[in-house]
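Listed below are the residues making up each chain.
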Amino acid sequence: AKNPFAVIVGDAAAPMPTVLFRDLAQRNILCMCSTSLSEEFYGSLPPMLWSSLPSIDLYARQTAEYIGKRLAGKPAIYAGDELNPVQQMKSKTRKFGLIYLEGARGKVDPEGRRGAEIMLRELARYGVNIPRSAQVGYIYDPGRNQADVTALIAKMKNEGVTTIIPLWDPLYPILITKEATNQLYF
């Protein structure tokens with residue numbers, strides 16, 4: 001058995017392995033491995049986890065402030081109406097939707113929903129409330145995500161969402177933008 005003093009995890013294709021992070025921290029093994037988990041998660045463990053990115057709490061506070069002060073209640077002037085004029089989104093008041101990573105490899109990770117709840121709480125401080133029908137979590141699984149993405153984009157489009165707030169992994173935008181184009185949702 002190996003007894004490492006530190007672990008560096010660089011697998012971007014395996015988001016949110018919080019079970020691993022928790023185990024390493026509880027064994028007092030330094031882990032330079034997590035990305036943007038909640039302050040509650042980090043605070044529940046010995047101080048052995050390090051991230052190269054801010055916590056989801058900090059992202060949520062900054063994002064919510066920007067949305068609340070600069071976008072909420074205003075028209076979606078950068079919507080892609082020139083690509084699909086029928087949408088007529090540029091003249092509509094922004095309606096926000098939230099897409100968030102809820103787990104990986106077929107398993108829900110409570111940290112994913114916690115991140116979404118943090119974002120929703122911070123948005124509410126600025127009077128921005130996203131209806132449950134415009135909140136979608138997904139399980140990261142490269143082998144099956146395309147069917148999920150098709151349904152997800154259809155839902156956002158049917159809900160009249162003009163502005164999607166993303167809390168997702170670095171690869172998901174590839175699937176999202178391609179499917180949005182397929183559905184003429186800009």
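Use the structure listed above.
Residues numbered from 1 in each chain as written. Predicted model: local features only at pLDDT ≥ 70, side-chain atom pairs only at ≥ 80, totals over all residues. Heavy atoms only, no water.

**Overview of the nonpolar core**
Now for step 1: In this structure, L98, L123, I130 and I165 are the most contacted members of the largest nonpolar core, which totals 36 residues.
Now for step 2: For this core, the elements supplying multiple residues, two or more each, are α3 (56-71), β4 (96-104), α4 (110-124), β6 (135-140), α5 (145-158), β7 (163-167) and α6 (172-182).
Now for step 3: When residues of this core are assigned to their parent elements, the largest contribution, 6 residues, is made by β4.
Now for step 4: Not counting chain neighbours up to four residues away, the residues in contact with L98 comprise A116, M119, L120, I130, A134, Q135, V136, M156, I165 and L167.
Now for step 5: With 11 residues, the next largest nonpolar core counts A25, I29, C31 and M48 among its residues. (Core = buried A, V, L, I, M, F, W, Y, C linked by side-chain atoms within 4.5 Å. Buried < 20%, exposed > 50% of the residue type's maximum accessible area, 1.4 Å probe, protein only. Helix = DSSP H or I, 4+ residues; strand = E, 2+ residues; numbered from the N terminus. Contact = heavy atoms within 4.5 Å.)

**Overview of α6**
Now for step 1: Along α6, the positions that sit buried rather than exposed are Y172, I176, E179 and A180. Along the axis of α6, the buried residues cluster in a sector spanning 105°; they form a single face. For α6, the exposed residues set more than 90 degrees away from the buried face come down to I174, K178 and N182.
Now for step 2: Contacts from the buried residues of α6 go to β4, β6 and α5.
Now for step 3: Trailing α6 by a residue or two, L184 shows a phi angle of about 55°, which is positive. (Arc of directions from axis to C-beta.)

**Some details on the pairing of β7**
On a regular strand, each side chain points to the face opposite its neighbour's, so the side chains alternate between the two faces of the sheet.
Now for step 1: Residues T163, I165 and L167 line the buried face of β7, whereas the alternating positions I164 and P166 sit on a face that is not buried.
Now for step 2: Of the pairings in the sheet, the one linking β4 to β7 comprises 5 bridges and is parallel in character. Across the sheet, Y100 pairs through a bridge with L167, a residue of β7. (Pairing = 2+ DSSP bridges.)

**Quick word on the sheet that holds strand β2 (residues 30-34)**
Now for step 1: As summarised here, the arrangement of the 3 strands in space is β1-β2-β3, forming an open sheet in which the pairing is parallel. A strand with exactly one partner marks an edge of an open sheet, and here the two such strands are β1 (6-8) and β3 (49-51). Adjacent strand axes in the sheet meet at a mean angle of 25°, parallel and antiparallel pairs treated alike.
Now for step 2: Summarising the sheet, β1 and β2 pair through 3 bridges and their orientation is parallel. Paired with A6 across the two strands is L30, which belongs to β2.
Now for step 3: In the packing of helix α1 (residues 18-26) onto the sheet, contacts are made with β1, β2 and β3, and the angle to β2 comes to roughly 165°. (Axes fitted to C-alpha atoms, helices over the stretch in contact; angles between N-to-C directions.)

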